[in-house]
Amino acid sequence: MSKESLDKAADRSLRVVSLSRANSFSGTMSHESRKHEELKAHVRIIAASHFLPFSVAVSEATPEEPYQWTVSRRSGHTAMYAGIRSLSEHPNTECTQLGWIGYFKDRDGQERACDSLSTESRANIVEALKPFDAVPVFMDEDIANGHYEGYSKQILWPLLHYMSWDDSRRMDPVWWSCYNKANQTFASAISAIYNEGDIVWVHDYHLLLLPEIFHQLKPAATVGLFLHAPFPSSELFRSLPNRKEILNGMLGSTSIGFQTYSYARHFLSSCTRVLGLESTPTGIDNRGSIVSIGVFPIGIDAKSVQARRALPSVQAKMKTMREMFANKRIIVGRDRMDEVAGIKQKLEAFEKLLETCPEWQNNVVLIQVTQPGQNRKPKLEAKISELVTSINSNYGSLEFMPVMYHNTFLDTDEYMALLNIADLCLITVIRDGMNTGSLEFVVCQEDKHSPLILSEFTGTAGSVSGAIQINPWDYLGVAQAIDTALRMGPEEKKVRYTEMYNH
């Protein structure tokens, strides 16, 4: 197939992932989303993600099996779940969410695997989730752990974030088997509820084999895949032993979406170099089947953030925090506890600021909130605690500590309050997809217009032009950027804020 015909065919291919822009930061809807909104026929989208956005707990009314269940929202992945929820706002669109139910909480609040549940208790979970248009996937605990904690987190996640593993001996062959089985389980679960004309929308690196497996079951189905994580250069991706299987799994899709053009370009290059496939910037000829490639930066639910920041409970916390940090400039950071979050780099740069700009000593505070990950990282946690202690010992006093470090999940009202009162938001990740925390900060700064310092290694850096972009490894450069941001005048703040808000 010629390059020209491939381009035209790819352009005609359905870009289901474009629906992710329905909750874009600026509140506008992309051209592709508008086309879907104008559909006259009703369409159902089955959105498959590793976790359901819900968790279940045993109802107090049922002390023994078969249990009844209470349903609550799961924390994390807010941008992805908001994007999926936004599909239901389209008048002709129905959205069913499908994912692993994870662990349940017993009556004592302890997490338990679903393996031990009776058939009746599992059936009751299915019924409890129906009002939420959610379908649970059940997996054996060993397969679930090998899939998520093993292959997804120990192999794929580091690779996608440009962190090559030490050597291949770390790869337990059981992990790959569990990854396969988990993707097959998802394919079977989708097949059980699939009707002709449905669109299947697969999310992220946990389910990269799913499109091809499902394609074998339903060859005529339309399948979209959206990768929320970065995609590394072909030079790095080619080091993955299962590289061909992963690429072929992804190419079972009708359309594949990425956060940035560079991630899409890296994927295309990998398909060419590993599989020998012909491609253009908008599509791949997968042995006669055209796979559309698109770039769709994910956004946030801006209206929801605006409504939340205006709540009386948030306003009360803002008042308390202003009194607590009176006459201090406030720098805010919130990151997940992992190596790519750049927390160590942030602390090193903040210490450099206090060292090189002594006028900020006792006048600025860094409030760093770190969310625990799925796996404990004792070495990283120890290093961060050591840095915090060192900074506070050298530049603090009994009355004031320049770093307030919270290694815990933060209440949403407190988080919103922090974003509202901050004089600066500091993001120093060393590799990230789209950093939605930066977008939440901009929404919350509608009145104050505080600046944003953003790592150039985030996917967001290419679109949030009003931010001060930094190299997180350049500690002195970051320190100078902090100094510049804290001294910035109101006119420049407003200009930069307008650029960020309208991106």
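Scroll up to find the structure this text is about.
Residues numbered from 1 in each chain as written. Predicted model: local features only at pLDDT ≥ 70, side-chain atom pairs only at ≥ 80, totals over all residues. Heavy atoms only, no water.

Details of the overall build of the chain
Part 1: For the chain, the count of helices and strands is 18 helices and 19 strands.
Part 2: Residue pairs in contact within the chain that sit at least 24 positions apart in sequence constitute 76% of those at least 6 positions apart.
Part 3: In the form shown here, the chain has an accessible surface area of approximately 21,600 Å², with 48% of it arising from carbon and sulfur atoms. (Helix = DSSP H or I, 4+ residues; strand = E, 2+ residues; numbered from the N terminus. Contact = heavy atoms within 4.5 Å. Areas by Shrake-Rupley, 256 points an atom, 1.4 Å probe, with all protein chains shown as cover.)

Re the packing of helix 11 (residues 302-309) against helix 15 (residues 412-421)
Part 1: At a closest axis distance of 10 Å, the pairing of helix 11 and helix 15 adopts a crossing angle of 90 degrees. The angle between the axes of helix 11 and helix 15 places the two elements in the roughly perpendicular class. Two secondary-structure elements touch here, helix 11 through Val 305, Arg 308 and Arg 309 and helix 15 through Thr 412, Asp 413, Met 416 and Asn 420.
Part 2: Across the contact of helix 11 with helix 15, the residue classes tally to 2 nonpolar, 2 polar and 3 charged. (Axes fitted to C-alpha atoms, helices over the stretch in contact; angles between N-to-C directions. Parallel < 35°, antiparallel > 145°, perpendicular 65-115°, else oblique. Nonpolar A, V, L, I, M, F, W, Y, C, P; charged D, E, K, R; others polar.)

Quick notes on the packing of aromatic side chains
What describes a pair of aromatic rings is the distance from one ring centre to the other and the angle between the planes of the rings.
Part 1: Enumeration over the complete set of coordinates arrives at 15 aromatic pairs.
Part 2: Ring geometry for Phe 54 versus Phe 132: centroids 4.9 Å apart, planes at 45 degrees, classification tilted. Of this pair, Phe 54 sits in strand 2 (residues 54-58) while Phe 132 sits in the loop between helix 4 (119-129) and strand 7 (134-137), and the two are 78 residues apart along the sequence.
Part 3: By relative accessible area, Phe 132 is classed as partly exposed at 34%.
Part 4: Stacked on the ring of Tyr 415, the Lys or Arg Arg 334 has its end atom at 3.7 Å from the ring centre.
Part 5: Here Arg 431 stacks its cationic end above the ring of Tyr 162, 3.9 Å away from the centre of that ring. (Phe/Tyr/Trp six-rings, centres within 6.5 Å; stacked < 30°, edge-to-face > 60°. Buried < 20%, exposed > 50% of the residue type's maximum accessible area, 1.4 Å probe, protein only. Lys NZ or Arg CZ within 6 Å of the ring centre and 35° of its normal.)

Comments concerning empty space enclosed by the protein
Part 1: Evaluation of the coordinates by the stated rule reveals 5 cavities of 30 Å³ or more.
Part 2: Here the second largest cavity is characterised by a volume of approximately 40 Å³.
Part 3: As for the second largest cavity, its lining consists of Trp 100, Gly 102, Tyr 103, Ala 113, Cys 114, Asp 115, Phe 138, Met 139 and Glu 141.
Part 4: Residue composition of the lining of the second largest cavity, grouped by class: 6 nonpolar, 1 polar and 2 charged. (1 Å grid on protein atoms, 1.4 Å probe; cavity = no way out; pocket = protein on both sides within 12 Å on 5 of 7 lines; lining within 4 Å. Points joined across faces, edges and corners; volume = space filled by probe spheres on them.)

Here's the deal with the environment of Glu 456
Part 1: Examined against the element boundaries, Glu 456 turns out to sit in the loop between strand 18 (452-455) and strand 19 (468-470).
Part 2: Taking the relative accessible area as the measure of exposure, Glu 456 reaches 41% and is therefore partly exposed.
Part 3: A sequence separation of 26 residues divides Glu 456 from Ile 430, and the C-alpha atoms of the two residues are 8.3 Å apart.
Part 4: When residues no more than four places from it in sequence are discounted, the contact partners of Glu 456 are Ala 461, Gln 469, Ile 470 and Asn 471.

Observations concerning the pattern of salt bridges
Opposite charge on two side chains allows them to pair when their charged atoms are near.
Part 1: Inspection of every chain in the model, using the stated rule, returns 19 salt bridges.
Part 2: Of the charged contacts, one joins Glu 446 and Arg 309 as a salt bridge, the two residues approaching to 3.9 Å between their closest N and O atoms. Linking Glu 446 in the loop between helix 16 (436-444) and strand 18 with Arg 309 in helix 11, this pair joins segments that are 137 residues apart in sequence.
Part 3: Arg 309 gets classed as buried once you look at its relative accessible area, which sits at 11%.
Part 4: Connected through shared salt-bridge partners, Glu 235, Arg 238 and Arg 273 make up one network. (Salt bridge = Lys/Arg side-chain N within 4 Å of Asp/Glu carboxyl O.)

A look at the nonpolar core
Part 1: Core analysis: the largest hydrophobic core is formed by 75 residues, its most contacted members being Tyr 151, Phe 231, Ile 246, Phe 258 and Phe 267.
Part 2: Those residues within four positions of Phe 267 in sequence are excluded, and the remaining contacts are Phe 231, Leu 247, Met 250, Leu 251, Ile 256, Phe 258, Ile 284 and Ile 293.
Part 3: In this structure, Val 305, Phe 441, Cys 444 and Leu 452 belong to the second largest nonpolar core, which totals 35 residues. (Core = buried A, V, L, I, M, F, W, Y, C linked by side-chain atoms within 4.5 Å.)

Things to note about the environment of Thr 93
Part 1: Relative to the helices and strands, Thr 93 is located in strand 4 (residues 93-100).
Part 2: A residue is classified by how much of its surface remains accessible, and Thr 93, at 13% relative accessible area, is buried.
Part 3: Note: C-alpha distance between Thr 93 and Ile 45 (48 residues apart in sequence) is 7.3 Å.
Part 4: With residues up to four places along the chain from it excluded, the contact list for Thr 93 reads His 42, Val 43, Ile 45, Leu 87 and Ser 88.

Here we look at the side chain of Thr 96
Part 1: Tracing the sequence through the fold places Thr 96 in strand 4.
Part 2: Those residues in contact with Thr 96 that lie beyond four places of it in its chain are Arg 44, Ile 45, Ile 46, Ala 47, Asp 133, Val 135 and Ile 193.

With respect to unusual backbone geometry
Part 1: Note that the residue after Glu 65, namely Pro 66, is joined by a cis bond; omega there is -5 degrees.
Part 2: The topology assignment puts Pro 66 in the loop between strand 2 and strand 3 (69-73).
Part 3: The backbone phi angle of Asp 133 is positive, close to 55 degrees, even though this residue is not glycine.
Part 4: Its place among the elements puts Asp 133 in the loop between helix 4 and strand 7.

Structural notes on the sheet that holds strand 7
Part 1: In spatial order, the strands read 7-4-1-8-9-10-13-12-11; together these 9 strands make up an open sheet with mixed pairing. Strands with a single pairing partner mark the edges of an open sheet, and in this sheet they are strand 7 and strand 11 (278-280). Neighbour-to-neighbour, the strand axes of the sheet open up by a mean angle of 20 degrees, direction not taken into account.
Part 2: By the bridge criterion, 3 bridges tie strand 11 to strand 12 (residues 283-286) in an arrangement that is antiparallel. Within the sheet, the bridge partner assigned to Thr 280 lies in strand 12 and is Gly 283.
Part 3: Contacts from helix 7 (residues 210-217) reach strand 1 (43-51), strand 8 (199-203) and strand 9 (222-226) within the one sheet, and its direction differs from that of strand 9 by about 175 degrees. (Pairing = 2+ DSSP bridges.)

Here's the deal with the packing of helix 9 (residues 243-250) against helix 10 (residues 261-275)
Part 1: At a minimum axis separation of 11 Å, helix 9 and helix 10 run at an interaxial angle of 125 degrees. When the axis of helix 9 is compared with that of helix 10, the two are oblique. Like other packed secondary-structure pairs, helix 9 and helix 10 cross with a definite hand, here left-handed. The segment helix 9 lies against helix 10, with Arg 243, Lys 244, Leu 247, Asn 248 and Met 250 engaging Phe 267, Ser 270, Cys 271, Val 274 and Leu 275.
Part 2: Partitioned by chemical class, the residues of the contact of helix 9 with helix 10 number 6 nonpolar, 2 polar and 2 charged. (Left-handed = near helix turned anticlockwise from the far one by under 90°.)

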